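Below, each chain spelled out in residue letters.
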Amino acid sequence: MSHQLPSALEHGKELREKFNQIKPLLFLDFDGTLAPIVEHHEDAAISAEMRDLVLRLSKKYPTAVVSGRGMKDVSQRVNIPELYYAGSHGFEISGPGNFLKENDEAQKVLPQFDEIETSLRKELKDINGVDFERKKFTLAIHYRQVKEEMTDEVHQRVATVLKKYPELKKADGKKVIEIRPSIDWHKGKAVEFLKTQLGEKDQDYSVYIGDDVTDEDAFKYVQHGLGILVGDHGHETSADYALKDLDEVKQFFELLLQ
Ligand SMILES: [Mg+2]
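For clarity, every value in this text was computed on a predicted model and none was experimentally measured. (Residues numbered from 1 in each chain as written. Predicted model: local features only at pLDDT ≥ 70, side-chain atom pairs only at ≥ 80, totals over all residues. Heavy atoms only, no water.)

**Quick word on the nonpolar core**
Core analysis: the largest hydrophobic core is formed by 44 residues, its most contacted members being Phe27, Ile116, Leu120, Leu124, Ile141, Val154 and Ile179. In this structure, this core is formed jointly by two domains, domain 1 (12-103 + 185-257) and domain 2 (106-181), each of which donates at least three residues. Residues within four places of Phe27 in sequence aside, it is in contact with Ala64, Val66, Val191, Leu194, Lys195, Leu198, Ser206, Val207, Tyr208 and Ile209. Val65, Met71, Leu243 and Leu255 belong to the second-largest nonpolar core, a separate cluster that totals 36 residues. (Core = buried A, V, L, I, M, F, W, Y, C linked by side-chain atoms within 4.5 Å. Buried < 20%, exposed > 50% of the residue type's maximum accessible area, 1.4 Å probe, protein only. Domains from an automatic or database assignment. Contact = heavy atoms within 4.5 Å.)

So, in structure tokens, the structure goes:
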């Protein structure tokens, strides 16, 4: 572990007391937090046990799932209609009662995604194991299946193509490069926006649980809240507590529900 954060599990009882008093809003990342990271991103699945815990938690705290996946994709995988879902790092948000909010600025750069996708597919086609995932407002280039010695080449080629698209930018995740609109919008801003949808008027304390570098935007940016990092992404973190793995996430949820 590169961080020295206190364990959310060890402090679970005091956190439960605190949450019982302040009634936080709960924000959960999906991959690596609710569902195990898998070799092929399309295989990711939440266990029945975890799903049940999230469902029960959502009855206690207003809950949203915040993911880099497309909004439809993540909402289908979790399959709890009562929740809010922020997909594509928050560029698209859905909720109960047909609630839907898409980032207007991001809409404008949609045609660029089609262009860059064609271009990148061509540039990367001779590298084995590159896997594209097109979401509405993000293009993910997965390289988990690419040979280690070729991963720098993937990064370089993506960077070269990206130079031609100033309206787009990239972000690095776990074995994935994500092309996004070059707009100041991220999981943290999505959470701040969702706070206005989810909570009662004075309810703006949030608990955010996530495992990846992209979740740092939520740990850092979100005011009046608490961040819990799952595992270790090898970079500096602004989280307040840590959980080792999904099993500890489960135990922590159980503790909150007691
Ligand atoms: Mg994750």
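**Some remarks on the pattern of salt bridges**
A pair can form between side chains of opposite charge whenever their charged atoms are brought close. Under the definition given, this model contains 21 salt bridges. Close ionic contact of Glu148 with Lys175 constitutes a salt bridge, the shortest N to O distance being 3.8 Å. Of this pair, Glu148 sits in the loop between strand E7 (139-142) and helix H6 (151-162) while Lys175 sits in the loop between strand E8 (168-173) and strand E9 (176-181), and the two are 27 residues apart along the sequence. For Glu148, a relative accessible area of 56% puts it in the exposed group. A single salt-bridge network, built from bridges that share partners, covers Asp31, Arg69, Asp73 and Arg77. (Salt bridge = Lys/Arg side-chain N within 4 Å of Asp/Glu carboxyl O. Helix = DSSP H or I, 4+ residues; strand = E, 2+ residues; numbered from the N terminus.)

**Brief notes about the coordination of the magnesium ion**
Octahedral metal centres with six donors ideally show angles of 90 or 180 degrees, and tetrahedral centres with four donors ideally show 109.5 degrees. For the magnesium ion, the protein coordination sphere consists of Asp29 (OD), Asp31 (O) and Asp211 (OD), at 2.1 Å. All donor residues of the magnesium ion come from one chain, and their arrangement in sequence is D-x1-D-x179-D. Here Asp211 lies in the loop between strand E10 (206-210) and helix H8 (216-221) and Asp31 lies in the loop between strand E1 (25-28) and helix H2 (48-60), a separation of 180 residues in the sequence. The pair formed by Asp31 and Asp211 is uniform in burial state, with each residue classed as buried. (Donors = N, O, S within 2.8 Å, 3.2 Å for Na, K, Ca; no water.)

**Describing the side chain of Asp212**
The residue Asp212 is located in the loop between E10 and H8 in this model. The buried charged residue Asp212 lacks any salt bridge, with Lys174 as its nearest oppositely charged partner at 5.0 Å. A polar contact is formed between the side chain of Asp212 and the backbone nitrogen of Lys174, at a distance of 3.4 Å. Contact partners of Asp212, with chain neighbours within four places excluded, come to Gly173, Lys174 and His233. (Lys, Arg positive; Asp, Glu negative; His and termini not counted. Polar contact = N/O pair within 3.5 Å; in protein donor to acceptor, adjacent residues only side chain to side chain.)

**Some thoughts on the side chain of Ser88**
Along the chain, Ser88 turns up in the loop between strand E3 (84-87) and strand E4 (92-95). Classification of Ser88 by relative accessible area gives buried; the value is 0%. Beyond its immediate stretch of four places on either side in the chain, Ser88 contacts Ser67, Gly68, Arg69, Gly70, Met71, Lys135, Lys136, Phe137 and Thr138.

**Here's the deal with the pairing of E3**
Because side chains alternate across E3, one face comprises the buried residues Tyr84 and Ala86, and the other comprises Tyr85 and Gly87, equally buried. Pairing analysis gives three bridges linking strand E2 (residues 63-66) to E3, with the strands arranged parallel. Opposite Val66, over in E3, you have Ala86 as the bridge partner. Crossover handedness for the path E2 to helix H3 (residues 71-78) to E3: right-handed. Linking E3 back to E4 in an antiparallel pair, the connection comprises four residues, with Ser88 at a positive phi of about 45 degrees. (Pairing = 2+ DSSP bridges. Right-handed = clockwise from strand over helix to strand, strands pointing away.)

**Notes on the environment of Ser75**
With respect to the helices, strands and loops of the structure, Ser75 is situated in helix H3. On a C-alpha basis, the gap between Ser75 and Ser94 in space is 8.6 Å, while along the polypeptide they are 19 residues apart. At a separation of 3.0 Å, a polar atom in the side chain of Ser75 contacts the main-chain carbonyl oxygen of Lys72.

**Description of H2**
Under the 1.5 Å per step criterion, the end-to-end length of H2 is 19 Å for 13 residues, consistent within 8% with the ideal 18 Å. Of the positions making up H2, those classed as buried are Met50, Leu53, Val54, Leu57 and Ser58. One face of H2 carries all of its buried residues, which in axial projection span an arc of 135 degrees. Away from its buried face, by an angle of more than 90 degrees, H2 presents the exposed residues Ala48 and Lys59. Buried residues along H2 sit in contact with E1, E2 and helix H9 (246-257). (Expected span 1.5 Å × (residues − 1). Arc of directions from axis to C-beta.)

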